[in-house]
Amino acid sequence: MARPSEPPAGPAATDPAEDPLARFAPPVAAWFRDAFAAPTNAQVGGWAAIAGGGHVLLHAPTGSGKTLAAFLWGLDRLVRAPAPPPTAAGGASVRILYVSPLKALTYDVERNLRAPLAGIALAGRRLGTPVRPISIASRTGDTPSEERRALAKSPPEILITTPESLYLLLTSGARETLRGVEAVIVDEVHAIAGTKRGAHLALTLERLEHLRGPDAPPLQRIGLSATQRPLDAIGRFLAGAGPGRAVTIVDAGSKKRLDLRVVVPVEDMSRLG
C-alpha cells in the first residue's frame, strides 16, 4: 500500500467482510441501501482498497458503479468530518478533487453527485443524525471568469475539473484553495496514460503534492479505468515515481467466455482430393 493512513472509523457492529456498507456512516449506508439493491463487485473491492488510505487503481467496465465506488468513500469522509478550517488565504480548501480528461464528463459527474448528497442529507434527518451541507462545483475552460473568482474566494469541498484547468489553478493565485486536498480521483486514466497530456497531468499532480507540503497527511490517488491494460503500467503512471508510491489494483473487469471451435470443410486436410 502507498503510505497508508488511518481511515475514518466506521460502525463496528457489523464486519465489513460481511456487509461492505458497514464501513460507512449510517446516513451514507442508509442512502445507498435505499437507492440500490446491492453493491457491485467493483464497489465492494474498491471500498476495501480505498479504505486502506493508499493509492488505488480500480478497473471495471462501464456501468459497474466505479465512479460512485471512488466518491462514496470521500463523501463518507466529509460527512464524518467537520467543515475544514480556513486556509492562510482566508478561504476553505478543496478536500476531494476529481479530474477527468473529458470535459463533458465533468458536467455529468457534478450533476450526478448532487443526488447522493441530497439523499444522504435526507437519510441523516430521518435517522436523527443531521448531515452538514457539503459543497460541490466544477471548473473547466468554459467556466465564466466571475464563477472562477467566486470559486477562488469560497472554494467547494468537492471540485470537479480537467487536467488543464487543474494546472491553471496550481499556477495561479488560487492554488491556496488546493492546499488541503485529501484525495484526487483521476477518471478515464487509461485515456491519457502514455500520452503527452498524461505526462503533463503527472507533473501537475506532483505540483499538488509539493503545494500540500511534507507535513500534510498523505494524498490518496484513485484512478478509474474501463478498458486499458496492462494495469501495472497504468498503476505506475497514477502513483508517480518515488518511495512509498505503491498502488493497489482492483481488477473487477468482466472476462468474456469464448466458444472457440475449429471447423474444416473436409475430414482430412491432407487428402483434399
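Heads up: these notes are all about the structure in this document.

### A word on the pattern of salt bridges
Then, number 1: Enumeration according to the criterion identifies 15 salt bridges in this entry.
Then, number 2: For the salt bridge of Glu164 with Arg197, the shortest nitrogen-to-oxygen distance reads 2.7 Å. One end of the pair, Glu164, is in helix α6 (residues 163–170); the other, Arg197, is in helix α7 (residues 196–212), and 33 residues separate them in sequence.
Then, number 3: Three or more residues joined by partner-sharing salt bridges are found here, namely Arg77, Arg95, Arg132, Glu157 and Glu182.

### Regarding the environment of Thr62
Then, number 1: Examined against the element boundaries, Thr62 turns out to sit in the loop between β1 (55–59) and α3 (66–80).
Then, number 2: Judged by its relative accessible area of 74%, Thr62 falls in the exposed class.

### A few points about the nonpolar core
Then, number 1: Ranked by size, the top nonpolar core spans 40 residues in total, and within it Phe24, Phe71, Leu72, Leu113, Ile158, Ile160 and Ile185 carry the most contacts.
Then, number 2: Considering every element that reaches this core, the biggest residue donor is α3, with 9 residues.
Then, number 3: In this view, Ile185 contacts Ala70, Phe71, Ile96, Leu97, Tyr98, Val99, Ile222 and Leu224; residues no more than four positions away in its chain are not counted.
Then, number 4: Formed by 23 residues, the second largest nonpolar core is a distinct cluster that contains Val189, Leu205, Leu231 and Ile234.

### Focus on helix α4 (residues 103–127)
Then, number 1: With 25 residues, α4 extends 37 Å between its outermost C-alpha atoms, agreeing within 8% with the 36 Å of an ideal straight helix rising 1.5 Å per residue.
Then, number 2: Every buried residue of α4 is listed here: Thr106, Val109, Glu110, Leu113, Pro116, Leu117, Gly119, Ile120, Ala121, Ala123 and Gly124.
Then, number 3: In this structure, the buried residues of α4 make contact with α1 (26–35), α3, β2 (96–99), β3 (136–139) and β4 (158–161).
Then, number 4: Taken from the residues just after α4, Gly128 is the one with a positive phi, measuring 80°.

### Quick notes on the packing of α6 against α7
Then, number 1: Between α6 and α7, the least distance of the axes is 10 Å, while the angle of their chain directions is 35°. Where α6 crosses over α7, the handedness of that crossing is left-handed. Packed against α6, whose contacting residues are Pro163, Glu164, Leu166, Tyr167 and Leu170, the element α7 presents Arg197, His200, Leu201, Thr204, Leu205, Arg207, Leu208 and Leu211 at the interface.
Then, number 2: The residue inventory of the contact of α6 with α7, partitioned by class, reads 8 nonpolar, 2 polar and 3 charged.

Rules of the game
- Residues numbered from 1 in each chain as written.
- Predicted model: local features only at pLDDT ≥ 70, side-chain atom pairs only at ≥ 80, totals over all residues.
- Heavy atoms only, no water.
- Salt bridge = Lys/Arg side-chain N within 4 Å of Asp/Glu carboxyl O.
- Helix = DSSP H or I, 4+ residues; strand = E, 2+ residues; numbered from the N terminus.
- Buried < 20%, exposed > 50% of the residue type's maximum accessible area, 1.4 Å probe, protein only.
- Core = buried A, V, L, I, M, F, W, Y, C linked by side-chain atoms within 4.5 Å.
- Contact = heavy atoms within 4.5 Å.
- Expected span 1.5 Å × (residues − 1).
- Axes fitted to C-alpha atoms, helices over the stretch in contact; angles between N-to-C directions.
- Left-handed = near helix turned anticlockwise from the far one by under 90°.
- Nonpolar A, V, L, I, M, F, W, Y, C, P; charged D, E, K, R; others polar.

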